[in-house]
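Listed here are the chains, written in short residue letters.
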Amino acid sequence: MCVAGVLGTGSALPEKVITNADLEKLVETSDQWIKDRTGIRERRQAAPNETTSSLSVKAARLALERAGIKATDLDLIICSTISPDMPLPSTAALIQRELGAHGCCAFDLAAACSGFLFGMTVAEQFIRTGASTRVLVIGAELLSRYLDYKDRATCVIFGDGVAAAVFGRVEPPSGILAHELHTEGQYADHLFIPAGGTAMPASCQTVEQGSHFIKMRGNELFKVAVRNLEDVSRKVLEKAGLTTNDIDLFIPHQANQRITEAVRERLGLSSEKVYSNIARIGNTSSASIPICLDECAQTGRLKKGDLVLMSAFGAGVTWGAVLMRW
Ligand code: UT7
């Protein structure tokens, strides 16, 4: 059995910055409230001509270059997104076309904010079993296209961004050591977009009612998130026979700085071991963990041999964790 690990990463953020002061002009909120309750100061918003696939291609090209491979070397592309370019074809197919990665398989994966970890887990199993040798996993979200800029409960949190990682065989002790994924559909209506699918097809009425925008019960999600993130983090450590003392870097999904703090405290980790970029880019859903990973890889925050724990939670609800030796 071979071990799967990261060969290269890349990310792409839209240029336009939306500050808390900008949002103060749109909804009844304040810079102070947003900073205190979420830790967010600003987030990015895609330009009208940018799409989930166009930003993904930018991030993917960087990841391929840093992995030292060509697009045609890929045998699988997984795009984790809940904000695809269009219902069909998959965003992964559009990315494949643009990259010229002919001959490989490509599909989308929908697990919301946990999606990149779901994608990593699929990639790891394709590589470990020998079914694939080079897998590109992308976390890509343009949630601004699904935000109601009259709903202060959601528009202050989410931002746009994309990141990609190429996975392939690595030499132990590097590589993915353990993973654990969960879904619990009984909380499906805590975070959802009612219209635009088969349950409520798009119509003039759905647009008038704003039913194609994200609806969130943030408060309920908060409690489930903290509990499950702690639990799943402990489970992957146990699977690998390691403890929280072994962790060099914890990259949690950047949902809310207060969630990160609560999980950090429960796991007994010092602040220096926890990565956070939520102040600069907000909650980018499935792009959040790979953007962090790319920033840590590029800035040297991650060093060879470091043990990195990644945990995420999102709509579905879904949650999961991956433990990896860099
Ligand atoms: O990405 C994965 C899935 N998402 C999450 O995990 C999100 C988890 N939830 C959260 O991050 C937080 O629940 C929020 C940031 C969404 C909300 O923070 P909260 O501290 O849970 O606020 P709340 O919903 O309990 O509301 C507290 C008060 C309410 O006013 P009253 O009823 O106390 O008068 C809200 O109406 O804050 C009000 N409020 C706001 N005030 C100013 C809610 N949103 C805002 C706002 N600006 N943007």
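Residues numbered from 1 in each chain as written. Predicted model: local features only at pLDDT ≥ 70, side-chain atom pairs only at ≥ 80, totals over all residues. Heavy atoms only, no water.

**Concerning the domain arrangement of the protein chain**
Move 1: Segmenting the protein chain into domains produces domain 1 (4-172) and domain 2 (176-325).
Move 2: Between the C-alpha centres of domain 1 and domain 2 there is a distance of 14 Å.
Move 3: Roughly 3,700 Å² of surface becomes buried between domain 1 and domain 2 when both sides are summed, with 65% attributable to carbon and sulfur atoms.
Move 4: Applying the counting rule to domain 1 against domain 2 returns one salt bridge.
Move 5: Here R66 makes a salt bridge to D294, at a shortest N to O gap of 3.3 Å.
Move 6: If you look at where domain 1 meets domain 2, you find 22 residue pairs in polar contact (both at pLDDT 80 or more).
Move 7: Among the secondary structure elements, those contributing two or more residues to the side of domain 1 that touches domain 2 are β1 (3-12), α2 (31-38), β3 (42-45), α5 (115-128), β6 (135-141), α6 (152-155) and β7 (161-170).
Move 8: Considering each element in turn, the side of domain 1 that touches domain 2 owes the most residues, eight residues, to α5. (Domains from an automatic or database assignment. Buried area = accessible area lost by both parts, 1.4 Å probe. Salt bridge = Lys/Arg side-chain N within 4 Å of Asp/Glu carboxyl O. Polar contact = N/O pair within 3.5 Å; in protein donor to acceptor, adjacent residues only side chain to side chain. Helix = DSSP H or I, 4+ residues; strand = E, 2+ residues; numbered from the N terminus.)

**Focus: the sheet that holds strand β11 (residues 249-252)**
Move 1: Pairing within the open sheet is mixed, and its four strands lie in the order β8-β13-β12-β11. Strand pairing shows two members of the sheet lacking a second neighbour, β8 (175-183) and β11, which therefore form its edges. Neighbour-to-neighbour, the strand axes of this sheet turn through a mean angle of 10°, independent of strand direction.
Move 2: With four bridges joining them, β11 and strand β12 (residues 307-314) adopt parallel strand pairing. Across the sheet, residue L249 finds its bridge partner in β12, namely V308.
Move 3: On the sheet, helix α8 (residues 218-239) packs against β8, β11, β12 and β13 (318-325) and is oriented at approximately 145° with respect to β12.
Move 4: Together, β11, β12 and β13 form the strand contacts of helix α11 (residues 288-299), whose direction differs from that of β11 by roughly 145°. (Pairing = 2+ DSSP bridges. Axes fitted to C-alpha atoms, helices over the stretch in contact; angles between N-to-C directions. Contact = heavy atoms within 4.5 Å.)

**Concerning the side chain of T244**
Move 1: On the secondary structure map, T244 appears in the loop between α8 and β11.
Move 2: When residues no more than four places from it in sequence are discounted, the contact partners of T244 are R234, L237, L267 and L269.

**Quick notes on the site of the ligand**
Move 1: Near the ligand, the surroundings consist of 22 residues, among which T29, N219, N256, R258 and N283 are the closest.
Move 2: In the model, an oxygen atom of the ligand is placed 2.8 Å from a nitrogen or oxygen of the R37 side chain.
Move 3: Interatomic distance of 3.0 Å between a side-chain N/O atom of H253 and an oxygen atom of the ligand.
Move 4: Here the ligand loses 72% of its free accessible area of 950 Å² to cover by the protein chains.
Move 5: Listing elements by their share of the shell around the ligand, those giving two or more residues are α2, α8 and α9 (257-267).
Move 6: No other element matches the four residues that α8 contributes to the shell around the ligand.
Move 7: Taken together, the residues that form the shell around the ligand break down as 11 nonpolar, seven polar and four charged.
Move 8: When residues of the shell around the ligand are assigned to domains, at least three map to each of domain 1 (4-172) and domain 2 (176-325). (Near = heavy atom within 4 Å. Areas by Shrake-Rupley, 256 points an atom, 1.4 Å probe, with all protein chains shown as cover. Nonpolar A, V, L, I, M, F, W, Y, C, P; charged D, E, K, R; others polar.)

**Things to note about the packing of α8 against α9**
Move 1: Running from N to C, α8 and α9 point in directions that differ by 40°, and their axes come no closer than 9 Å. With respect to each other, α8 and α9 are oriented oblique. Two packed elements cross with a definite hand, and for α8 against α9 that hand is right-handed. Contacts from F222, A225, V226, R227, L229, E230, S233 and R234 of α8 reach α9 at R258, I259, A262, V263, R266 and L267.
Move 2: Split into classes, the residues belonging to the contact of α8 with α9 amount to eight nonpolar, one polar and five charged. (Parallel < 35°, antiparallel > 145°, perpendicular 65-115°, else oblique. Left-handed = near helix turned anticlockwise from the far one by under 90°.)

**Let's talk about the pairing of β7**
Each regular strand carries side chains that alternate between the two faces of the sheet.
Move 1: Counting buried positions over the 10 residues of β7 gives nine, a clear majority of the element.
Move 2: Bridge count between β1 and β7: nine bridges; the pairing is antiparallel. Paired with G10 across the two strands is A164, which belongs to β7.
Move 3: Sheet topology note: the β6/β7 ladder contains seven bridges and is antiparallel. Residue I138 lies in a different strand from β7, and its bridge partner there is A164. (Buried < 20%, exposed > 50% of the residue type's maximum accessible area, 1.4 Å probe, protein only.)

**Observations concerning the packing of aromatic side chains**
Move 1: For the structure on display, the rule yields one aromatic pair.
Move 2: When the centroid spacing of 6.5 Å and the interplanar angle of 45° are considered together, the rings of F116 and F167 count as tilted. Here the residue F116 occupies a position in helix α5, and F167 occupies one in strand β7, the gap between them amounting to 51 residues.
Move 3: Given the relative accessible area of 1%, F116 is considered buried.
Move 4: A residue is classified by how much of its surface remains accessible, and F167, at 0% relative accessible area, is buried. (Phe/Tyr/Trp six-rings, centres within 6.5 Å; stacked < 30°, edge-to-face > 60°.)

**Here's the deal with helix α4 (residues 91-99)**
Since the α-helix turns once every 3.6 residues, residues separated by three or four places project in the same direction.
Move 1: Taken together, the buried positions of α4 are occupied by T91, A92, L94, I95, Q96 and L99.
Move 2: At its buried positions, α4 is contacted by α3 (52-67), β4 (76-80), β5 (105-109) and β6.

**Observations regarding the sheet that holds β7**
Move 1: Strand order in this open sheet of five strands is β1-β7-β6-β4-β5, and the pairing throughout is mixed. Two strands bound the open sheet, and with one partner strand each, they are β1 and β5. With strand direction ignored, the average angle separating the axes of adjacent strands in the sheet is 20°.
Move 2: Note: β4 against β6, five bridges, orientation parallel. The residue of β6 that forms the bridge with I77 is L136.
Move 3: Contacts between α5 and the sheet are confined to β1, β4, β5, β6 and β7, with β6 contributing the most and set at about 170° to the helix.

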